[in-house]
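Observations on the three-dimensional arrangement
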Amino acid sequence: MQMIEAAREVLRQLSLKGFQAYFVGGFVRDRLLGRNIKDIDIATSATPAEVMSVFPKFVPTGLQHGTVTVIQDGHPFEVTTYRSEAEYTDYRRPSSVSFVQDVTEDLKRRDFTINAMAMTSDFELVDPFGGQADLRDKLLRCVGDPGERFREDALRMLRCIRFSAEYGLRVHTDTWKALRDQASLLQHIALERVRAELERMIGGAKPSQALRLLYESNLLHFAKKPVAIPLSRAEKLFAEESAYSIDRMDDPLLRWAWLFVHSGVRTEQLRSLLLRLTFSKAVTKSIVERVDLIDTVDSWEDQQLTAAQLSERFKETSLRFGLETTEAILKLAFTYEACLTGKVWEQLRIQGQSWIAEIPVWGLKDLDIKGNDLQELLPNKQAGPFIGLLLDRLLADTAAGRVPNERDTLLERARDAVEQLVERGTQG
Ligand code: ATP
Ligand code: MG
């Protein structure tokens, strides 16, 4: 059964038992906009215990704040009891929630007017704060007093920037003023949550707009730890109609890399910034490698390389960074053709793909010679660090096309290297 039909059934079941129930939140907003629906949240006058008594299949996912996940026809729905949030003590969570009987009370605690609407099972709108008009006027504003709302929960400031960028909304003057006034409260928000919001901004519909608002509000400057990106250096990424605009790229990791390339944050500094932002080690590595590879290609421009030398460099470098990163950067070269100029980038656009296709080995497992073979060549026939180094060199030579991936030729080359080593050894 379709998700929406299943959700309507949940509303009907609740009302059959005498409870009120509505669609709320993102579903209502996205339906009014004709956007794709990802999930459907439901609010009800029934208490969690009552909800659990109505439905045979459920998971008590968040009882302390009134949420039961109901499984209807195979679809999970978060069903949350109407609540009002009494006191916020630490700028991030209500110190107590109390269940209420009126849907308007529940909508009042929500962050923005466009998120504070409800719908009946027949899609009749309940809109006490003018969310529909704001959507039409492309306006984002807090429900109630914006300063108070940001003091209650400072994460809302990041959500404000995210929703503005994602939905192309202008932030209402009062809401924006409050955000700028309260920016320092971001220090109370866990960096995991800051990172999650940033990821949604950068991966979203219009990261350029998000970056502009982050820049103008100086919000990241106030995070718990130093995670501010020097956005003043990256203005061309969010200038109107810029060839550098970060919006063009579809891979979020490349968007991040493009951002750091232009804000001038590099390897070690970048790695620690990303880790402080609680990115995983794997994602951190991917972003850092993308930045490094762009820098590496840039550095070839001044080196007057011949086409053959460039091909070798490129192939060796591809091996070092791996196929995925290399292909990502090639894609970047095409997307940002107007920004990545110069002979080297031009060559990569013409030849890069075929150079990649010519690379015969991407790892030691592809190499037609193994560590044991090399051990045999050594005078003492013992394993040691030299074997690893030699294998790496043979791998790079093979990737670059200086040697074919053939056992006999590779053995030959290895024998030469061993001889050189022994000679050097006997010379002291
Ligand atoms: P999306 O899922 O696309 O981010 P959404 O509106 O569904 O959008 P959620 O974070 O899933 O956002 O939250 C669901 C609803 O809960 C929101 O629409 C809003 O009404 C309310 N809400 C969520 N977070 C907050 C918050 N920090 N302060 C006040 N209300 C909130
Ligand atoms: Mg949602």
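Before going into details, it helps to say that this report is about the structure given with it. (Residues numbered from 1 in each chain as written. Chains lettered and ligands numbered in written order. Predicted model: local features only at pLDDT ≥ 70, side-chain atom pairs only at ≥ 80, totals over all residues. Heavy atoms only, no water.)

1. A short note on the nonpolar core
Nonpolar side chains in soluble globular proteins tend to be buried together. Leu14, Phe23, Ile161, Leu214, Trp256, Leu259 and Phe260 are the most contacted members of the largest nonpolar core, which has 102 residues in total. A per-element tally of this core places helix H7 (residues 155-167) first, with eight residues. A domain-level breakdown of this core finds at least three residues from each of domain 1 (1-129) and domain 2 (292-358). Not counting residues up to four positions away in its chain, the partners in contact with Phe260 are Ile229, Val265, Arg266, Leu270, Leu273, Leu274, Ile287 and Val291. By size, the runner-up hydrophobic cluster in this structure holds 20 residues, among which are Ile369, Leu378, Leu391 and Leu411. (Core = buried A, V, L, I, M, F, W, Y, C linked by side-chain atoms within 4.5 Å. Buried < 20%, exposed > 50% of the residue type's maximum accessible area, 1.4 Å probe, protein only. Helix = DSSP H or I, 4+ residues; strand = E, 2+ residues; numbered from the N terminus. Domains from an automatic or database assignment. Contact = heavy atoms within 4.5 Å.)

2. Brief notes about the pairing of strand E3 (residues 58-62)
Here E3 runs beside strand E4 (residues 67-72); their pairing, made up of three bridges, is antiparallel. Looking across to E4, one finds that Val59 is bridged to Thr69. Adjacent in sequence and paired antiparallel, E3 and E4 are bridged by four residues, among which Gly66 carries a positive phi angle near 90°. (Pairing = 2+ DSSP bridges.)

3. Here's the deal with the sheet that holds strand E1 (residues 21-24)
Strand pairing in a sheet takes place through backbone hydrogen bonds and is either antiparallel or parallel in direction. If you trace the seven strands from one edge of the open sheet to the other, you get E3-E4-E5-E2-E1-E8-E9, paired in mixed fashion. In this open sheet, the two strands that pair with only one neighbour each are E3 and strand E9 (125-126). In terms of strand pairing, strand E8 (residues 118-119) meets E9 through two bridges, oriented antiparallel. Bridge pairing in E9 places Met119 opposite Leu125.

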